[in-house]
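One letter stands for each residue in the lines below.
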Amino acid sequence: MASAPLLLALDQGTTSTRAILFDASGTPLRVAQRELRQIYPADGWVEHDPEEIWSASVAVLREAAGGDLPAAIGIANQRETVLLWDRESGACLHNAIVWQDRRTAPECDRLRAEGLEPFVTGLSGLLIDPYFSATKLAWLLDALPGGRERSDLAFGTVDSFLAWRLTGGRIHATDATNASRTNLFDIRKGAWSSELLELFRIPESVLPEVRGNADGFGTTDILGAPVPIAGMAGDQQAATLGQGCLEAGDIKSTYGTGCFLLAHTGEEPAASRHRLLTTIALRLGDRTTYALEGAVFVAGAAVQWLRDGLGVIANAAETEALAQGVGESGVIMVPAFVGLGAPWWDAEARGALFGLTRDTGPAELARAALEAAAHQTADLLDAASADGLAPALLRIDGAMSGNDWFAQRLSDIAGLAVERPAVTETTAWGAAVLAGLGAGVFSDPREAPHPSGRRFEPRGDPAPARARWADAVARTLSRPSSAGERERGR
């Protein structure tokens, strides 16, 4: 009797690279992880070493496989992070410029001042912001002598870079979800936009082929025998699938380095009036589905800062007990370390702490960091509600979601029921499901199990805490117009 198929997921994130071996029921069998070093060359600049990404990816895939040969590999990746490499040698020509990087803020300001944002949004579903890939790629091409004239260059987000390396340079491809985060992709036509390429001065020759999420991305022999790379998606879309958010109205929020809320809107792209993003949720076969997305740049990264920057905690797990042990202190953290994302989109905002006293200590700071993620999620839910979405349930996942105090506080602040799955590694499970779809383990994403876990119900009146948060954000914004944008997003 043949053994049940195994699925290997690579989750290449902002602060770590993980691989998880799953069985077809969604049970994690083996996990491997490596932390990823953050490089800060200047204020607001964030980079990664591509070779560190590559070596860690190979190492965790081999460790998680543990000698077993999976039916297929699926990849989920940090989105919008850009790389540029030489097609002949495969060598990257610069560090990866990370999605959090704000070096192109002046160029984005110029484009917005010229009134181009409605045009860009109409095609790509995105705003003009340094967060997205286009201006970062343009910066790389400008920084490389003769970069726009060279025919031997290849551009990719992390998924495309890994597919290239894993297949020995045979495959230069990306998937529709990652393409939809570049500001270069027409999300309605499902193709690179010649108009956006002209606007951002990007030669089409550097771009990868765009494929569906389970259309196959070559094979790799790094496990000792050929294994298909059968599925691929941006990490947030993978988590949406992993959470079983497959129908219009389903909504999830993932807590990693940042926080990303996706609200499924079905087969028609919905335009936000409150500065959320329109993005592709999945492309499976000839069916494309869409979502509205709110992006928060710093969530778990605030806890990491408490650990690595201030040294007031030894590990993230401590924050639950610390937060439980302290009442409302009035300390508010606005973690705008790399600007503020939705619904403000203020690249020049910077982080701030309010309400500090001589009694403020690690417990108050830990609580403030967790509450900041909850408040930012509530802001995104307010914007989604103003756009006509009224979810009865928010599904959460990611490392921070395992913190019971945070999950309950999120429910309290958002005034909404919150559900956490039994296994919170839904990003990796979503990548594994795509691999299973591509390899024929599943014929439909609804066949894949999506077990629910614990449910948290809201308690108390969130209005006083929400008012204090709104006041703190208003004092953090870099420009008065951002306050108006914030109000429109409520």
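Residues numbered from 1 in each chain as written. Predicted model: local features only at pLDDT ≥ 70, side-chain atom pairs only at ≥ 80, totals over all residues. Heavy atoms only, no water.

1. Section: the sheet that holds strand E22 (residues 417-420)
Link 1 in the chain: As summarised here, the arrangement of the seven strands in space is E17-E18-E16-E15-E21-E22-E23, forming an open sheet in which the pairing is mixed. The open sheet terminates on both sides in strands that have one partner only, identified here as strand E17 (277-284) and strand E23 (454-456). Strand-to-strand twist across the sheet, computed as the mean angle between neighbouring axes with direction ignored, equals 30°.
Link 2 in the chain: Across the face of the sheet, helix H12 (residues 404-414) comes into contact with strand E15 (251-255), strand E21 (393-398), E22 and E23 while running at roughly 150° to E22. (Pairing = 2+ DSSP bridges. Helix = DSSP H or I, 4+ residues; strand = E, 2+ residues; numbered from the N terminus. Axes fitted to C-alpha atoms, helices over the stretch in contact; angles between N-to-C directions. Contact = heavy atoms within 4.5 Å.)

2. Focus: the side chain of serine 193
Link 1 in the chain: With respect to the secondary-structure elements, serine 193 resides in the loop between strand E11 (191-192) and helix H7 (194-200).
Link 2 in the chain: What makes serine 193 buried here is its relative accessible area of 4%.
Link 3 in the chain: Excluding residues within four positions of it along the chain, serine 193 makes contact with Leu123, Leu184, Phe185 and Asp186. (Buried < 20%, exposed > 50% of the residue type's maximum accessible area, 1.4 Å probe, protein only.)

3. Focus: the side chain of arginine 420
Link 1 in the chain: The residue arginine 420 is located in strand E22 in this model.
Link 2 in the chain: In this view, arginine 420 contacts Ile396, Ser401, Gly402, Asn403, Asp404, Ala407, Ser452, Gly453, Arg454 and Phe456; residues no more than four positions away in its chain are not counted.

4. Points about helix H8 (residues 235-242)
Link 1 in the chain: Most of H8 sits out of view: eight of its eight residues are buried.
Link 2 in the chain: Restricting attention to buried positions, one finds in H8 the residues Asp235, Gln236, Gln237, Ala238, Ala239, Thr240, Leu241 and Gly242.
Link 3 in the chain: Residue glycine 244 follows H8 closely and has a positive phi angle near 75°.

5. Some points on the sheet that holds strand E14 (residues 227-234)
Link 1 in the chain: The mixed open sheet is built from six strands, whose spatial order is E3-E2-E1-E5-E14-E13. This sheet does not close on itself; its edge strands, each paired only once, are strand E3 (28-35) and strand E13 (219-220).
Link 2 in the chain: Note that strand E1 (residues 6-12) and strand E2 (residues 16-23) share seven bridges and pair antiparallel. Paired with leucine 8 across the two strands is leucine 21, which belongs to E2.
Link 3 in the chain: The strands touched by helix H1 (residues 50-65) are E1, E2, E3 and strand E5 (72-77); relative to E3, the strand with the most contacts, the crossing angle is about 155°.

6. What about the nonpolar core?
Link 1 in the chain: Core analysis: the largest hydrophobic core is formed by 55 residues, its most contacted members being Tyr131, Tyr255, Phe297, Trp345, Leu394, Phe406 and Leu410.
Link 2 in the chain: Of all the elements in the fold, those that place two or more residues in this core are E15, strand E16 (259-266), strand E18 (287-296), helix H9 (300-310), helix H11 (362-386), E21 and H12.
Link 3 in the chain: Tallying contributions element by element places H11 first for this core, with 11 residues.
Link 4 in the chain: Core analysis: the second largest hydrophobic core is formed by 34 residues, Cys92, Ala163, Ile222 and Ile229 among them. (Core = buried A, V, L, I, M, F, W, Y, C linked by side-chain atoms within 4.5 Å.)

7. With respect to the pattern of salt bridges
Link 1 in the chain: Within the structure shown, the criterion is met by 40 salt bridges.
Link 2 in the chain: The salt bridge partner of glutamate 47 is arginine 103, with a shortest N-O separation of 2.8 Å. Taken together, the residues glutamate 47 in strand E4 (residues 47-48) and arginine 103 in the loop between strand E7 (96-97) and helix H2 (105-113) connect sequence positions 56 residues apart. Grouping residues by exposure puts glutamate 47 and arginine 103 together as buried. (Salt bridge = Lys/Arg side-chain N within 4 Å of Asp/Glu carboxyl O.)

8. Here's the deal with the state of the cysteines
Link 1 in the chain: Taken as a whole and assessed by the stated rule, the structure comprises zero disulfides.
Link 2 in the chain: The closest cysteine sulfur to the non-disulfide-bonded cysteine 259 is located on cysteine 245, 14 Å from its own sulfur.
Link 3 in the chain: We classify cysteine 259 as buried; its relative accessible area is 0%. (Disulfide = S-S within 2.5 Å.)

9. Thoughts on the packing of aromatic side chains
Note on aromatic pairs: each is described by the distance of the centres and the angle between the planes.
Link 1 in the chain: Under the definition given, this model contains 16 aromatic pairs.
Link 2 in the chain: Residues tryptophan 99 and phenylalanine 260 carry aromatic rings whose centres are separated by 5.6 Å and whose planes lie at 70° to one another, so their mutual orientation is edge-to-face. Of this pair, tryptophan 99 sits in the loop between E7 and H2 while phenylalanine 260 is found in strand E16, placing the two residues 161 residues apart along the sequence. No difference in accessibility class separates tryptophan 99 from phenylalanine 260, as the two residues are buried.
Link 3 in the chain: Taken together, a centroid distance of 6.4 Å and an interplanar angle of 80° make the contact between tryptophan 429 and phenylalanine 442 edge-to-face. Taken together, the positions of tryptophan 429 in helix H13 (residues 426-439) and phenylalanine 442 in the loop between H13 and E23 put the pair 13 residues apart, joining distant regions of the chain. (Phe/Tyr/Trp six-rings, centres within 6.5 Å; stacked < 30°, edge-to-face > 60°.)

10. As for the environment of glutamate 80
Link 1 in the chain: Mapped onto the secondary structure, glutamate 80 falls in the loop between E5 and strand E6 (82-86).
Link 2 in the chain: In this structure glutamate 80 comes out as buried when scored by relative accessible area, which is 2%.
Link 3 in the chain: Each residue touching glutamate 80, except ones within four places of it in the same chain, is listed here: Ile97, Trp99, Tyr131, Phe132, Ser133, Lys136, Thr157 and Arg181.

11. Details of the packing of H1 against helix H5 (residues 158-166)
Helices that pack against each other are described as a pair by the angle of their axes relative to one another and the distance between those axes.
Link 1 in the chain: Across the interface, H1 lies against H5 with an axial gap of 11 Å and an inter-helix angle of 65°. H1 and H5 meet at a crossing whose hand is right-handed. On H5, the residues touching Pro50, Glu51, Ile53, Trp54, Ser57 and Leu61 of H1 are Val158, Phe161, Leu162, Arg165 and Leu166.
Link 2 in the chain: In terms of residue class, the contact of H1 with H5 is built from eight nonpolar, one polar and two charged. (Left-handed = near helix turned anticlockwise from the far one by under 90°. Nonpolar A, V, L, I, M, F, W, Y, C, P; charged D, E, K, R; others polar.)

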